[in-house]
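Secondary and tertiary structure notes
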Amino acid sequence: INQFTKTLNKNEAATVFTLLNKYRAPTKAAKKQRIKEAAAAAAEGKEAPAKAPHMIKFGLKHVTTLIEEKKASLVCIANDVDPIELVLWLPALCRKMKVPFMIVKDKARLGALCSMKTAAAVCLTSVSPEDESQLELLQNLANEKYNDNPDLIKKWGGGVMGLKTQAKLEQRARAMAAEEAKKLASLGKA
């Protein structure tokens, strides 16, 4: 849970949101208009655009699927999702699949990119050629700051046992030493 307090700083976040803003999801009306234009072009015999334009993908299920298929090139996770358990496992999945991820402030900012109120996670699958260098720069930042950061990866204790366990181990060691002394004493007499 602590890793969700380590968000991008203001300058880095501005860079990320500038890139994401170029690929913001269209509103329902804009999408409908694009589909109508494509259908009209196809009806007139003109060549319609083959694919939908590059855009951000959003929704927890959709983003998870893209990460599992390694199609996501950069994932942004909101730090203020409630309950946090919804996205708690997402950084571990991104690390496992070697997908760069970032933790950003404010789920409402992510939601604004998707034409929704809030979004827990968004991702980019591809960008236009002129933005490739900026995407690569952000991927390197994400890998350095989150994916490969040993401070964020969960550590299991420090090898220090509790007081009760230490007392039990000391008692066990004393009993073993006493048993060993008895054996030596009996072998010395025999």
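One can find the structure itself at the top, above this paragraph.
Let us look at the structure shown here.

**Description of the packing of aromatic side chains**
Each aromatic ring pair is specified by the distance between its two centres and by the angle formed by the two planes. Within the structure shown, the criterion is met by 1 aromatic pair. It is R109 that lies over the ring of F17; its NZ or CZ is 4.0 Å from the centre.

**Remarks on the sheet that holds strand β3 (residues 101-104)**
Across the sheet, which stays open at both edges, the 4 strands sit in the order β1-β4-β2-β3 with mixed pairing between neighbours. Two strands in the sheet have a free side with no partner beyond their single neighbour: β1 (57-58) and β3. Pairing analysis gives 4 bridges linking strand β2 (residues 74-78) to β3, with the strands arranged parallel. By the bridge assignment for β3, V75 is matched with F101.

**Comments concerning a negative patch on the surface**
A cluster of acidic residues, D80, D82, E85 and D106, forms a negative patch at the surface. Within the secondary structure, D80 sits in the loop between β2 and α4 (90-97). The exposure class of D80 is partly exposed, given its relative accessible area of 31%.

**Some details on helix α3 (residues 60-68)**
Residues of α3 that are buried: V63, T64, L66 and I67. Buried residues along α3 cover an arc of 165° about the axis, so they all sit on one side. Summarising the contacts, the buried residues of α3 are in contact with β1, β2, α4 and β4 (121-124). Positive backbone phi, at 60°, marks K70, one or two positions downstream of α3.

Cut-offs applied
Residues numbered from 1 in each chain as written. Predicted model: local features only at pLDDT ≥ 70, side-chain atom pairs only at ≥ 80, totals over all residues. Heavy atoms only, no water. Phe/Tyr/Trp six-rings, centres within 6.5 Å; stacked < 30°, edge-to-face > 60°. Lys NZ or Arg CZ within 6 Å of the ring centre and 35° of its normal. Pairing = 2+ DSSP bridges. Helix = DSSP H or I, 4+ residues; strand = E, 2+ residues; numbered from the N terminus. Patch = residues over 30% accessible without salt bridge, like charges linked within 9 Å, V, L, I, M, F, W, Y side chains within 5 Å. Areas by Shrake-Rupley, 256 points an atom, 1.4 Å probe, with all protein chains shown as cover. Salt bridge = Lys/Arg side-chain N within 4 Å of Asp/Glu carboxyl O. Lys, Arg positive; Asp, Glu negative; His and termini not counted. Charge placed at Lys NZ, Arg CZ, Asp CG, Glu CD. Buried < 20%, exposed > 50% of the residue type's maximum accessible area, 1.4 Å probe, protein only. Arc of directions from axis to C-beta. Contact = heavy atoms within 4.5 Å.

Spatial relationships are all this shows, so hold off on functional conclusions.
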